[in-house]
Amino acid sequence: MKSYNYGKQYLDEEDYQAVLEVLKSDFLTCGPKVKEFEQALCNYTGAKYCVAVSNATAGLHLAMLSLGIGAGDEAITSPITFLSSANCARFAGADVVFADIESDTANIDVQEIEKRITDKTKVLIPVHFAGQSCDMEKIRALAQKHNLFIVEDAAHAIGSDYKNTKVGSCRFSDMTVFSFHPVKNMTTGEGGAVTTNNEELYEKLLAFRSHGMHKTGEMQNTWEYEMHELGYNSRMTDIQAALGISQLKKLERFKTRRREIVDFYNKNLGLPHLFEKEFSNACFHLYPVLVENRKEFYFKAKEKGLNLQVHYIPVHLQPYYRKLGYKAGDYPKAEAYYEKCISLPLYPILTDSDLTFIIKAVKEILQ
Ligand SMILES: *Cc1c(COP(=O)(O)O)cnc(C)c1O
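Note that the structure is a prediction, hence the values are computed from the model and not measured. (Residues numbered from 1 in each chain as written. Predicted model: local features only at pLDDT ≥ 70, side-chain atom pairs only at ≥ 80, totals over all residues. Heavy atoms only, no water.)

## Observations concerning the pattern of salt bridges
Applying the stated rule across the entire model yields 25 salt bridges. Of the charged contacts, one joins Asp12 and Lys250 as a salt bridge, the two residues approaching to 3.0 Å between their closest N and O atoms. Taken together, the positions of Asp12 in the loop between β1 (4-5) and α1 (13-23) and Lys250 in the loop between α8 (238-248) and α9 (251-269) put the pair 238 residues apart, joining distant regions of the chain. The residues Asp12 and Lys250 share a single accessibility class, namely buried. Of the charged contacts in the structure, one is a salt bridge between Asp330 and Lys327, with a shortest N-O distance of 3.0 Å. (Salt bridge = Lys/Arg side-chain N within 4 Å of Asp/Glu carboxyl O. Helix = DSSP H or I, 4+ residues; strand = E, 2+ residues; numbered from the N terminus. Buried < 20%, exposed > 50% of the residue type's maximum accessible area, 1.4 Å probe, protein only.)

Written as structure tokens, this is what we have:
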């Protein structure tokens, strides 16, 4: 029987060749291909600087460190996200405050953010859920009013546009973080990247990526280096970067197909789904629908070869965050969304006949 996951990577001969070329070259880790990939991401997003990293979780962590976020500070993010959007603030010693979502997009609600701002708030971490950008202009206005940093968690949103600019341009934020995990819109196996227009943040990201080491002036010609801050090893390899360069060339094609599939589902399924706002032109990463009796739906789908996933268990309900004081009822819209959401297969190599099969299967389950 054919089976479908909720997401899947697409690699072709070009991708294989790109990786093979690096394997036969002198550099395996952070070398010329990483630089080339970073430049390609700058060209694509319009951002001035880019730092490729080992994964988006590391990217979010380094972003917090570069902004100097630490103990006593508060970061505001969405409860409907992957763990990393919140954990990154905890890595840096800061507290996490969640702000409830808007039900129609499942993105963080700007008014809810404003209610949660305190004297301790330092950074907003909006998550572009399912690929659709948050309303960054409004979030930017709020951040300016309260003197806050913005780090966009764009793990879902490489390829997406907001008001005719690419997500990652950092037109309305300090930094944007992408993920290239295989389920995301394009892949490097594991991998991520941080874009910024701020040279100082860029230099800090570079240092934090590699042990806090600096080589300046004369040092470049000798063995010397200096460590100024406590950095990590969050480097991307040239092997991954070569795959990234090759995948990025296909991203617009992936996007076109992803949007076609979303259109097809919207027209043919008749299930409650996310609403795309007029400012958005998303490279959709997920297609969540709302169903009654979600658990039953999940298991029946499995029997029919559909291996679906739920995005996400609200982060504040995780035992770790409950221990920090969060509880059921704190974020009613996020919790209501979670009760019914389930993500259907969405990835570029799904054919029209795959879609027909999936739609038929879903309709049979719901009968
Ligand atoms: C996948 C994901 C991450 C983490 O990405 P990794 O590259 O796996 O570390 C962070 N935030 C969101 C919203 C994600 O979906």
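## A word on the domain arrangement of the chain
Parsing the chain into structural domains produces domain 1 (9-248) and domain 2 (252-366). Each of domain 1 and domain 2 was reduced to a C-alpha centroid, and the two centroids are 25 Å apart. With 43 residues of domain 1 at the contact, the number on the domain 2 side is 35 residues. Where domain 1 abuts domain 2, roughly 3,400 Å² becomes buried across the two surfaces, and 58% of that area is made up of carbon and sulfur atoms. It is Phe98, Gln132 and Asn185 in domain 1 that bury the most area against domain 2; as a group they hold 17% of the surface buried on that side. Where domain 1 touches domain 2, the interface holds three salt bridges. (Domains from an automatic or database assignment. Contact = heavy atoms within 4.5 Å. Buried area = accessible area lost by both parts, 1.4 Å probe.)

## Focus: the packing of α1 against α8
Where α1 meets α8, the closest approach of the two axes is 8 Å, and the angle between their N-to-C directions is 150 degrees. One finds that α1 runs roughly antiparallel with respect to α8. Considering the relative orientation of α1 and α8, their crossing is right-handed. Contacts from Glu14, Asp15, Ala18, Val19, Val22 and Leu23 of α1 reach α8 at Asp238, Ile239, Ala242, Leu243, Ser246 and Gln247. Of the residues in the contact of α1 with α8, the class split is seven nonpolar, two polar and three charged. (Axes fitted to C-alpha atoms, helices over the stretch in contact; angles between N-to-C directions. Parallel < 35°, antiparallel > 145°, perpendicular 65-115°, else oblique. Left-handed = near helix turned anticlockwise from the far one by under 90°. Nonpolar A, V, L, I, M, F, W, Y, C, P; charged D, E, K, R; others polar.)

## Description of the site of the ligand
Around the ligand sit 15 residues, and of these Thr57, Asp153, His156, Ser179 and Lys184 come closest. Within the side chain of Lys184, an N or O atom sits 3.1 Å from an oxygen atom of the ligand. In isolation the ligand offers 390 Å² of accessible surface; the protein chains occlude 93% of this area. Among the detected pockets, the ligand sits in the largest pocket. Secondary structure elements with two or more residues in the shell around the ligand: α3 (56-66) and α4 (84-91). Partitioning the shell around the ligand into residue classes produces five nonpolar, eight polar and two charged. (Near = heavy atom within 4 Å. Polar contact = N/O pair within 3.5 Å; in protein donor to acceptor, adjacent residues only side chain to side chain. Areas by Shrake-Rupley, 256 points an atom, 1.4 Å probe, with all protein chains shown as cover. 1 Å grid on protein atoms, 1.4 Å probe; cavity = no way out; pocket = protein on both sides within 12 Å on 5 of 7 lines; lining within 4 Å. Sits in = over half its atoms within 2 Å of the grid points.)

## Quick word on the environment of Gly325
The topology assignment puts Gly325 in the loop between α11 (319-323) and α12 (332-340). A residue is classified by how much of its surface remains accessible, and Gly325, at 52% relative accessible area, is exposed. Distance from Gly325 to Glu229, taken between C-alpha atoms, is 32 Å for residues 96 residues apart in sequence.

## Re the pairing of strand β10 (residues 192-196)
Taking burial as the measure, the five residues of β10 include five buried ones, the bulk of the element. Covered by surrounding structure in β10 are Gly192, Val194 and Thr196 together with Ala193 and Thr195, the residues of both alternating faces. Sheet topology places strand β2 (residues 49-53) next to β10; five bridges connect them, and they run antiparallel. Note that in β10 the partner of Cys50 across the bridge is Thr195. Of the pairings in the sheet, the one linking strand β9 (residues 175-179) to β10 comprises five bridges and is antiparallel in character. For Thr176, the partnering residue across the bridge sits in β10 and is Thr195. (Pairing = 2+ DSSP bridges.)

## Here we look at α8
In terms of burial, α8 is a largely internal element, 10 of the 11 residues being buried. Among all positions in α8, only Asp238, Gln240, Ala241, Ala242, Leu243, Gly244, Ile245, Ser246, Gln247 and Leu248 are buried. Structurally, α8 contributes buried residues whose contacts are with α1, α2 (32-45) and α9.

## Let's talk about the layout of surface pockets
What the largest pocket holds in volume is close to 620 Å³. Around the largest pocket, the lining comprises 30 residues; the ones closest to its centre are Phe82, Gln309, Val310, His311 and Tyr312. Elements represented by at least two residues in the lining of the largest pocket include exactly α3, α4, α10 (294-303) and α12. Its residues assigned to classes, the lining of the largest pocket comprises 13 nonpolar, 11 polar and six charged. Looking at which domains feed residues into the lining of the largest pocket, each of domain 1 (9-248) and domain 2 (252-366) supplies at least three. Looking at the second largest pocket, its volume works out to about 500 Å³. Residue lining of the second largest pocket: 18 residues in total, with Lys35, Leu206, Arg209, Ser210 and Met213 positioned closest to the centre. (Points joined across faces, edges and corners; volume = space filled by probe spheres on them.)

## What about the nonpolar core?
Core analysis: the biggest nonpolar cluster contains 91 residues, and Ile113, Phe129, Ile139, Val151, Tyr265 and Leu344 have the highest contact counts within it. Counting contributing residues, this core receives three or more from each of domain 1 (9-248) and domain 2 (252-366). Sequence-distant contacts of Tyr265, that is, excluding residues within four places in its chain, are made with Gly270, Tyr287, Leu344, Pro345, Leu350, Leu355, Ile358 and Ile359. Membership of the second largest hydrophobic core comes to 22 residues, among which are Leu41, Val167, Phe180 and Leu251. (Core = buried A, V, L, I, M, F, W, Y, C linked by side-chain atoms within 4.5 Å.)

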